Amino acid sequence: MQIAVTITLTFLYFGLSLAFGGVRPGGFIWWFFAPCIVMVCAGFIASGIMAILPVPWTNGRRYGPPPRRVHLSWRAAVRLPVYAPPLLIPWHMLSILRMHFDLDWVLYLLVTLALAILAIVAQRRRREILLLRSGEVTLALVDYREVDIEWADRITYHFMTARGITVSGRGLYAGYENGVVEGSSIPVFYDADNPRDHVVACASWFEAD
């Protein structure tokens, strides 16, 4: 369900951006402003939705033994499509330049770069899924919460493994404004053989059941 919502919102935001901001000869640069406006409006909508979503680990949830079922979180489902419209801006810029110059090599370069970025993102998300599905789980204590930029605020935390090893880390808490404060506890999933390989629940795109 979450994936369907993400895809639907992404196509909706893309469609609105293209409808109001396509490249038109001699026209105003709506190809730049339309995606930005759509992104800002979508951001407000996503913020409102995330503010009313319950925080999964505050209701006494207990995670079962591995393998656990892992799914995309509702916060990620409504947040990720917000970043889609600005991706049209470099595409529009390239389209305008191609009207006057032969820039096919630039297109190939951008496609290669985009594929490389997608591969890196996919690898990181695969790691998260594996940790949530098969990793050990314990509670991390939030030591400090810092405000950086919107949706990218960071926390520092520490947790103790089942073997008595204390591990410190830093992570994001995007979308969990009301559930992450100094002194609070957050689930963390870690590799039993390498506890430094871990993901704290508030920094993951996914949730485990």
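Anyway, here's the lowdown on the structure attached to this text. Position labels on residues start from 1 in each chain and follow its written sequence. Totals for whole chains, interfaces and linings use every residue, but because this is a predicted model, local features are given only for residues with pLDDT of at least 70 and side-chain atom pairs only at 80 or more, for both listing and counting. For side-chain calculations, the full set of non-hydrogen atoms in the structure is used, while hydrogens and water are omitted.

What follows covers helix α2 (residues 30–52). In this description a helix means any DSSP run of H or I spanning at least four residues, a strand means any run of E spanning at least two, and both kinds are numbered starting from the N terminus. By this rule, a helix spans an expected 1.5 Å times one less than how many residues it contains. In a regular helix each residue adds 1.5 Å, so 23 residues correspond to 33 Å; α2 covers 33 Å between its end C-alpha atoms and thus fits that length. Buried within α2 we find Trp31, Ala34, Pro35, Val38, Ala42, Gly43, Ala46 and Met50. Accessible area is worked out with a 1.4 Å probe on protein chains only. A residue is then buried under 20% of its type maximum, exposed over 50%, and partly exposed in between.

So, about the side chain of His198. For His198, the position within the fold is in strand β6 (residues 194–200). Judged by relative accessible area, His198 falls into the buried class, the value being 10%. In this structure the side chain of His198 is engaged in a polar contact, spanning 3.1 Å, whose partner is the backbone oxygen of Arg196. Should any heavy atoms of two residues lie within 4.5 Å, those residues are counted as being in contact. Here His198 is in contact with Arg127, Leu131, Tyr157, Phe159, Val167, Ser168, Gly169, Val188, Phe189 and Tyr190, once residues within four sequence places are set aside. Here a polar contact means two N or O atoms within 3.5 Å. Within protein one must be a hydrogen donor candidate and the other an acceptor candidate, and residues neighboring in sequence count only if both atoms are side-chain atoms.

Attention shifts here to the environment of Ala208. Looking at where Ala208 falls in the secondary structure, it is placed in strand β7 (residues 206–208). Distance in space between the C-alpha atoms of Ala208 and Arg69 is 5.7 Å, their sequence separation being 139 residues.

So, about empty space enclosed by the protein. In this analysis the probe radius is 1.4 Å and the grid spacing 1 Å, with only protein atoms considered; a cavity is a set of points the probe fits into but cannot get out of, a pocket is an open set with protein on both sides within 12 Å along at least five of seven lines, and lining residues have an atom within 4 Å of a point. Grid points are joined across faces, edges and corners, and a volume is the space filled by probe spheres set on the points. Scanning all chains against the criterion turns up 1 cavity of 30 Å³ or more. Forming the walls of the largest cavity are Pro56, Trp57, Arg61, Tyr63, Leu132, Tyr176, Phe189, Ala201, Phe206, Glu207 and Ala208. Among the elements that take part in the lining of the largest cavity, β7 stands out by supplying 3 residues, more than any other.

All right, on to a nonpolar patch on the surface then. Patch membership requires more than 30% relative accessible area and the absence of a salt bridge. Residues of like charge join within 9 Å; the nonpolar side chains Val, Leu, Ile, Met, Phe, Trp and Tyr join within 5 Å. Note on areas: Shrake-Rupley with a 1.4 Å probe; residue coverage comes only from the protein chains shown. The working definition used for a salt bridge is a side-chain nitrogen of Lys or Arg within 4 Å of a carboxyl oxygen of Asp or Glu. A cluster of nonpolar residues, Ile29, Trp30, Phe32, Phe33 and Ile37, forms a patch on the protein surface that exposes about 420 Å² of accessible area. For Ile37, the position within the fold is in helix α2.

To continue, consider the packing of aromatic side chains. Pairing of aromatic rings covers Phe, Tyr and Trp, the last through its six-membered ring, and needs centres within 6.5 Å; plane angles under 30 degrees mean stacked, over 60 mean edge-to-face, and all others mean tilted. All chains considered together, the criterion is met by 4 aromatic pairs. Here the aromatic rings of Phe159 and Tyr190 are separated by 5.6 Å at their centres, their planes lie at 35°, and the arrangement is tilted. Separated by 31 residues along the polypeptide, Phe159 in strand β3 (residues 154–160) and Tyr190 in strand β5 (residues 185–191) bring together distant segments of the chain. Take Phe159 and Tyr190: they sit in the same class, and that class is buried. Charges are assigned to positions over rings by a cutoff of 6 Å between ring centre and Lys NZ or Arg CZ, combined with an angular limit of 35 degrees from the ring normal. Its guanidinium or amino end placed over the ring of Trp205, Arg125 lies 4.3 Å from that ring's centre, counting from NZ or CZ.

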